[in-house]
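Spelled out from the first residue to the last, the chains are:
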Amino acid sequence: NAGVTQTPKFRILKIGQSMTLQCTQDMNHNYMYWYRQDPGMGLKLIYYSVGAGITDKGEVPNGYNVSRSTTEDFPLRLELAAPSQTSVYFCASSPQGYGELFFGEGSRLTVL
Amino acid sequence: QQPVQSPQAVILREGEDAVINCSSSKALYSVHWYRQKHGEAPVFLMILLKGGEQKGHDKISASFNEKKQQSSLYLTASQLSYSGTYFCGTERGGADGLTFGKGTHLIIQP
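**Structural notes on the side chain of Ser72(B)**
Residue and element names in this part refer to chain B.
And step 1. Looking at the element boundaries, Ser72 is found in strand S8 (residues 70-75).
And step 2. There is a polar contact of 2.7 Å between the side chain of Ser72 and the side chain of Asn21.
And step 3. Ignoring sequence-local partners within four residues, the contact set of Ser72 consists of Val19, Ile20, Asn21, Trp33, Ser61, Ala62 and Ser63.

**Points about the sheet that holds strand S8 (residues 76-78) of chain A**
All names here are of chain A.
And step 1. Read from one edge to the other, the open sheet built from 4 strands follows the order S1-S3-S8-S7, with strand pairing classed as antiparallel. One side of each edge strand has no neighbouring strand; the edge strands of this open sheet are strand S1 (4-7) and strand S7 (64-66). With direction set aside, neighbouring strand axes in the sheet form an average angle of 20 degrees.
And step 2. Where S7 meets S8, 3 bridges bridge the pair, whose relative direction is antiparallel.

**Re the interface of chain B and chain A**
And step 1. Each side of the interface is counted separately: chain B has 20 residues, and chain A has 21 residues.
And step 2. Counting each side, the surface lost to burial between chain B and chain A is near 1,600 Å², with a carbon and sulfur contribution of 61%.
And step 3. If you look at where chain B meets chain A, you find 0 salt bridges.
And step 4. For the side of chain B that touches chain A, the secondary structure elements donating two or more residues are strand S4 (30-36), strand S5 (43-49) and strand S9 (84-91) of chain B.

About the criteria used
Sequence order as written defines the numbering, with residues in each chain counted from 1. For naming, the first written chain is A and the first written ligand is 1, with later ones following in the order written. Local features in this predicted model are restricted to residues whose pLDDT is 70 or higher, and side-chain atom pairs enter the listing and the counts only when it is 80 or higher, whereas totals over whole chains, interfaces and linings include all residues. By convention in this description, side-chain values take in all heavy atoms of the structure and omit both hydrogens and water. Secondary structure is summarised from DSSP: a helix means a run of H or I of at least four residues, a strand means a run of E of at least two, and numbering begins at the N terminus for each. We define a polar contact as two N or O atoms separated by no more than 3.5 Å, with the added condition that, inside protein, one atom must be a possible hydrogen donor and the other a possible acceptor, whereas residues neighbouring each other in sequence contribute only through side-chain atom pairs. We call two residues in contact when some of their heavy atoms are within 4.5 Å. The rule for pairing is simple: two strands pair if DSSP sees at least two bridges between them. Only C-alpha atoms enter the line fits that serve as axes; for helices the fit covers just the stretch in contact. Angles between N-to-C directions range over 0 to 180 degrees. The quantity reported as buried area is the accessible area (1.4 Å probe) lost by two parts once they are put together, taken as the sum for both. Only one rule defines a salt bridge in this text: a Lys or Arg side-chain nitrogen within 4 Å of an Asp or Glu carboxyl oxygen.

Here's what the structure looks like:
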């Protein structure tokens, strides 16, 4: 059972480039989330989704976009990468909106 | 609003006890606790729902004081494997995910 799978695990971008972080879960969870983690700051919610076709902004959505066309996939798009987007990104899913979060292994992004 | 965790860091000898606190200025529906090892994803420990319950498994337990909007995580007879960063995540009742504290770094020395 794979759980939550994120790709890529590592990526270096140049300022102004764009990319998509992929997230797939095979647990049939309706709720999915994208967090970013900066040293000493905990995890900050970027976007979340309560089901296919429904997404909403979290605490730090600027510079990012998401889509949710299927239950399994929740990609995070970075447009015009900036050094402030250097971070570790975690995708998570949950069977309920108030239950345990299942995290992917994370994607470490560096913008130079 | 981000919950406040204390202490920021703690160093223990193996076998000693630790308490990590998490407090919020907002009314909470639940409090989650996660542990993260360096370079890894956070791993779920437990959820406490409003109602002031207390939970535990093995030598790790937690309580949730709904009136004070505070939760505490108790680690007794700590083991080397307990080392890591502990995060509390708070939930206010919607489906909009958890708000995490900044974390407490726990170092267990032999």
